[in-house]
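Remarks on the overall topology
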Amino acid sequence: MDILPSEEEQMLKNVAREFLEAEVSTALVREMELDGLGYPPALWKQMADLGWLGMSIPEQFGGQGLPITYLGLILEEAGRVMAPVPLHSTMVAALTLAAIGTDQQKQDILPAVSDGSMVLTWAVQERDARLIPDAIELDAKADGDGWILNGTKMFVDNFVVAERCLIAARTSPKSGSSQGISLFIVDPNGNGVNQTALVTLAKDKQSRVDFKDHRIERTALVGELDEGWPLVEAMLDRGTALLCCQMVGAARKDAEMAIEYAKNRVAFGRPIGSFQSVQHMLADMLLHVDGGEMLTFEALWKMDEGLPASVEVSQAKAFCNEKCESVVRTSQVIHGGIGFMMEFDLHLWFRRVTSWSLRLGTTYDHRARIASALLDVPGQVRLGMPLPMGV
Amino acid sequence: MDFGYTTEQQDLRQEVRKFIDENVSQGLLDEMEAGEEGGRGPEYRELVKKVADKGWIGISWPKEYGGQSGSRIDQYIVEEEFMRRGIGIGGAGSGAPAILAAGTEEQKEYFIPGMIRGEIIFALGFTEPQAGADLAGLQCRAVRDGDDFVINGQKMYTSAAHYASHIYMMCRTDPDAPRHRGISIFLIPMDTPGITVRPLWTIQSDPPAPPGTTYGMPRTNETFFENVRVPASCMLGEENGGWYVGAMGLNLDRVGASRYLISVRRDEDIVNWVKENDFNGYSPAENPAVRDKIAEMWTEAQVCRLMTMRSMSLVNRGGNFTYEGSAEKVWAPEHGVKTTEAIAQMLGPYAQLLSNSEENIEDGLFAHNLMGSFQSGINHGSVQIMRDQMARRGLGMPRG
Ligand SMILES: Cc1cc2nc3c(=O)[nH]c(=O)nc-3n(C[C@H](O)[C@H](O)[C@H](O)COP(=O)(O)OP(=O)(O)OC[C@H]3O[C@@H](n4cnc5c(N)ncnc54)[C@H](O)[C@@H]3O)c2cc1C
């Protein structure tokens, strides 16, 4: 037990910070908000060359095979500078394929991800945006050796630039223990696939995606037919924990800006940071960022250890949704009027953290999951010990 | 990053549990229930000796003073298992870290082994009638007289003073120096002539709180010092340097199982209770609002745990605290209050029934916790003062 970063982890964090702070200015972030692709391919390539895109991809597919905690550290630093790159969506899909894809699927996709030549994304949510099997209606009808897709996916990240998208579709009605859901790889540029841009608070790239008689082949299936829901859950858990990394990274930077501002901004003849009410707001920001960070990395660590991590993931996201949001809002308050001005950079962080707090599960969704683990399985609970497992 | 226990640590935990099962007698439980000597009577002291023989007290303290020079995490495991049976063993709040850091060789050789064997118990004599949160305003005087000091003054809320062997106290030794630079620490036997202890009964004294209640203590004290003459060798650290020794000691004393556990035990209790009980068929466990709140509180409790683990990781690495101890001391007490009040709303009017009431729940545990939990946010550095320290020491904010 030593929950602080090891020397090696700290080194990785430092290197990532140095690189990202040099390469990603707020000017670039603003430029990418208006850009058609939403990311600079040259920067993406550099990140590939640094080995970050293959960080947690197995070595035989061009990656480094390092723990997901390491990737988490990179995402935390990416969040810190709000790096406008499709890192999160690509990693969520890539790690899912690395875990459960066929050899052929891995061979086709993972080396291309590692070397920066392929962007990925994933699509689970629909109009009922809850991340539960019942909300998945996109219809995949068997058709000879393949399937025909009809329906709509919502809130899909980076669909405009992705070359592959992992998609959860309904292949059968729910029956018994089977949710009737399957996971497929689709080509965003295929026939009958149409995306409509959504305009988000984060001003990043999200789409509604409509499938009209889009045909996929047998080889598109990931995992077993009808038994895709546990795979989707594992994908969502990884994605959620990695999103928390970004939130924590962004919130910490935002807090640091408030700290600097409080030291320098003078009111009533003294720095506002000398007022106790401001000091206490800052202390709370520190509690909240630290808390979110520790919960997040504990969840990632459990994944690396092969331990159940769903409750830990939900703890992290439920906490970050509220507390990272509180941090960036408090930072706005400490900055007074200037923080509300378009030309001042602070809102770049505020808008992103706010958007992220609404993705991959709301506070209520995650607490419902935690409550179920605590209350619906017989047996005594004890903090710091594994929860009782259902039969 | 490593969030897990080693195999050896898991084994240690099992061994401690087994030891407790085999050695905690009904006599000890009765003695603790009766609350005599703050629950540290003969049976307790007997147990402490056995635990000390196992080498389980002060595991992280140096070997030459009777410790094991071991890991703070190991020590935590022992503390945690005993705390969960309501038994405080060594560790946090003991004053040992300050003695180890600032004591003379004689002091370390005398006090640390004595503390390990449960023969030396300290009362803490910091607070005074006019000096609480603003501790540096303390006035209790110690005047040098040859090789002795003579102490006059009053200490408030000296909780263990009625059964402690010694008091670990702050006195003013230079009234002309700036406030923080005229204070010294003394380690004084309680049986020194001139010391009088008078009880102060807390709101938990009638009826008594059930064991395990957060701040269920029925009694604290005020302690008077009248021409108390002690040798200068009772001084801990340098003359007039006591403020810094005291602050460092307080910081380290905040780390450990006790602070964390008193703030999170109710989170476990309520989950375990609603799973097994109902009110005439109504189960709060099925109420969506209750479920949401329980999950929220459980998550906050995890942060208490992680903050404790972080502090101990820092101690193991040689301990360089800036704000982490203070952070723990804000988060845990405030969480304890939030969860206690949330639980009360889950149980409704039953949560007001005290330990001696018919129809109470768990001997009135939740009701008494409502009376006690806020107290841990006041003492040992209030949450306001802790936030000040986080902002000033942790974030470099200017003083007001
Ligand atoms: C049950 C119990 C056991 C105790 N045990 C011990 C013990 O063993 N040894 C010991 O030495 N002491 C002990 N104490 C004392 C405890 O540490 C003090 O009560 C505490 O330090 C607060 O001091 P005070 O009561 O004088 O309150 P005050 O100092 O008068 O404070 C009152 C309120 O004002 C707030 N306040 C004060 N200054 C500021 C500021 N600058 N900014 C914002 N808010 C401020 C405080 O946070 C608090 O909320 C115990 C107290 C209790 C109730």
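Quick notes on the rules
- Residues numbered from 1 in each chain as written.
- Chains lettered and ligands numbered in written order.
- Predicted model: local features only at pLDDT ≥ 70, side-chain atom pairs only at ≥ 80, totals over all residues.
- Heavy atoms only, no water.
- Helix = DSSP H or I, 4+ residues; strand = E, 2+ residues; numbered from the N terminus.
- Rg over C-alpha atoms; globule rule 2.2 N^0.38 Å.
- Buried < 20%, exposed > 50% of the residue type's maximum accessible area, 1.4 Å probe, protein only.
- Contact = heavy atoms within 4.5 Å.
- Areas by Shrake-Rupley, 256 points an atom, 1.4 Å probe, with all protein chains shown as cover.
- Lys, Arg positive; Asp, Glu negative; His and termini not counted.
- Charge placed at Lys NZ, Arg CZ, Asp CG, Glu CD.
- Expected span 1.5 Å × (residues − 1).
- Near = heavy atom within 4 Å.
- Polar contact = N/O pair within 3.5 Å; in protein donor to acceptor, adjacent residues only side chain to side chain.
- Domains from an automatic or database assignment.
- Disulfide = S-S within 2.5 Å.
- Buried area = accessible area lost by both parts, 1.4 Å probe.
- Salt bridge = Lys/Arg side-chain N within 4 Å of Asp/Glu carboxyl O.
- Nonpolar A, V, L, I, M, F, W, Y, C, P; charged D, E, K, R; others polar.
- Axes fitted to C-alpha atoms, helices over the stretch in contact; angles between N-to-C directions.
- Left-handed = near helix turned anticlockwise from the far one by under 90°.

Looking now at the overall build of chain A. Tallying secondary structure elements over chain A gives 11 helices and 10 strands in all. Computed over the C-alpha atoms, the radius of gyration of chain A is 21 Å, within 12% of the 21 Å expected from 2.2 N^0.38 for a compact globule of 391 residues. Over its C-alpha atoms, taken along the principal directions, chain A stretches across nearly 80 × 55 × 40 Å. Looking at chain A residue by residue over its 391 residues, the buried ones come to 60%. Partitioning the contacts of chain A with sequence separation of at least 6, the portion at a separation of at least 24 is 73%. Accessible surface, chain A: about 15,500 Å² in total, of which carbon and sulfur atoms supply 54%. Of the charged side chains in chain A, 35 are positive and 52 negative; the average position of the first set lies 6 Å away from that of the second.

Looking now at the environment of M385(A). Mapped onto the fold, M385(A) is located in the segment after α11 (363-375). Judged by relative accessible area, M385(A) falls into the partly exposed class, the value being 24%. Discounting residues that sit within four places of it in the chain, M385(A) has contacts with R13(B) and R17(B).

Spanning 36 residues, helix α7 (residues 229-264) of chain A covers 52 Å between terminal C-alpha atoms, matching the ideal 52 Å at 1.5 Å per step. Burial analysis of α7(A) places 27 of its 36 residues in the buried class, which makes it a mostly covered element.

The environment of the ligand is made up of 16 residues, and the closest members are Q276(A), T127(B), Y157(B), S159(B) and S382(B). This site is not confined to one chain, since residues near the ligand come from chains A and B. Here a nitrogen atom of the ligand sits 2.8 Å away from a polar atom, N or O, in the main chain of L124(B). For the ligand, the protein covers 65% of the area, taking 970 Å² as the surface of the free molecule. A domain split of the shell around the ligand shows at least three residues from each of domain 2 (122-242) and domain 3 (254-394) of chain B.

Here we come to the state of the cysteines. By the definition in use, this model includes zero disulfides over all chains. Between C171(B), a free cysteine, and C140(B), which holds the nearest cysteine sulfur, the sulfur-to-sulfur gap is 4.1 Å.

Residue and element names in this part refer to chain B. Along the chain, the position of I89 falls in the loop between α4 (72-83) and α5 (96-102). Judged by relative accessible area, I89 falls into the buried class, the value being 6%. Each C-alpha atom, one on I89 and one on V48, is 7.3 Å from the other, the two residues being 41 residues apart in sequence. Once you skip the residues sitting within four places of it in the chain, I89 turns out to touch Y44, V48, V51, I57, E79 and F82.

All names here are of chain A. In terms of domains, chain A is made up of domain 1 (7-115), domain 2 (123-227) and domain 3 (233-375). Summarising the inter-unit geometry, the C-alpha centres of domain 2 and domain 3 are found 30 Å apart. On the domain 3 side, the residues contacting the 12 residues of domain 2 number 12 residues. Carbon and sulfur atoms supply 59% of the area that domain 2 and domain 3 bury against each other, a total of about 1,000 Å² over both sides. Per-residue buried area on domain 2 facing domain 3 is highest for L131, L201 and A202; these three make up 50% of the total on that side. The tally of links from domain 2 across to domain 3 stands at two salt bridges. R359 is the partner of D204 in a salt bridge, and the nearest nitrogen-oxygen pair spans 2.8 Å. Seen at the junction of domain 2 and domain 3, the total is four residue pairs in polar contact (both at pLDDT 80 or more). Residue composition of the side of domain 2 that touches domain 3, grouped by class: six nonpolar, two polar and four charged.

So, on to the pattern of salt bridges. Residue and element names in this part refer to chain B. Applying the stated rule across the entire model yields 60 salt bridges over all chains. Among the salt bridges present, the one from E128 reaches K155, with a minimum N-O distance of 2.8 Å. Here E128 is found in the loop between β1 (122-125) and β2 (141-145), whereas its partner K155 is found in strand β3 (residues 148-156), with 27 residues between them in sequence. By relative accessible area, which is 6% here, E128 ends up buried.

Right, let's get into the packing of helix α10 (residues 324-347) of chain B against helix α11 (residues 365-372) of chain B. Think of two packed helices as two axes; the pair is described by the angle between the axes and how far apart they sit. All names here are of chain B. At their nearest, the axes of α10 and α11 sit 9 Å apart, and the two run at 145° to each other. Between α10 and α11 lies a crossing of left-handed hand. The segment α10 lies against α11, with T340, E341, I343, A344 and L347 engaging F366, N369 and L370. Considered class by class, the residues forming the contact of α10 with α11 number five nonpolar, two polar and one charged.

Take unusual backbone geometry next. Excluding glycine, residues mostly have negative phi values, and the peptide bonds linking residues are mostly trans. Residues and elements named next belong to chain B. Following D206, the chain continues into P207 via a peptide bond in cis, with omega recorded as -10°. Of note, the phi angle at S69 is positive, near 50°, even though the residue is not glycine. The phi torsion at N227 lies on the positive side, around 45°, for a residue other than glycine. Here N227 lies in strand β7 (residues 219-231).

Residues and elements named next belong to chain A. The end-to-end C-alpha distance of helix α6 (residues 103-114) is 16 Å, a good match for the 16 Å that 12 residues give at a rise of 1.5 Å each. All of the buried residues in α6 are Q105, K106, I109, L110, A112, V113 and S114. In this structure, the buried residues of α6 make contact with α3 (41-49), α5 (87-100), β1 (120-123), β4 (164-170), β5 (181-186) and β8 (221-222). Count one or two residues on from α6 and you reach G116, which has phi positive near 85°.

Counting residues at the interface gives 54 residues for chain A and 55 residues for chain B. Buried surface at the junction of chain A and chain B, both sides included, amounts to about 5,300 Å², of which 64% is carbon and sulfur. In this structure, the connection of chain A to chain B is made through nine salt bridges. With a shortest N-O distance of 2.9 Å, D292(B) and R367(A) are connected by a salt bridge. Going through the elements one at a time, α4 (68-81), α7, β10 (270-271), α8 (276-304), α9 (310-334) and α11 of chain A are the ones with two or more residues in the side of chain A that touches chain B. At 16 residues, the largest contribution of residues to the side of chain A that touches chain B is made by α8(A). The class makeup of the residues in the side of chain A that touches chain B is 28 nonpolar, 14 polar and 12 charged.

Quick look at the domain arrangement of chain B now. Residues and elements named next belong to chain B. Here the domain parsing of chain B yields domain 1 (7-90), domain 2 (122-242) and domain 3 (254-394). Relative to domain 3, the C-alpha centre of domain 1 lies at a distance of 23 Å. Residue-level contacts link eight residues of domain 1 with 14 residues of domain 3. Around 990 Å² of area is buried between domain 1 and domain 3 when both sides are counted, 63% of it from carbon and sulfur atoms. Broken down residue by residue, the surface that domain 1 buries against domain 3 is led by R72, Y76 and R84, which jointly contribute 60%. At the junction of domain 1 and domain 3, the tally comes to one salt bridge.

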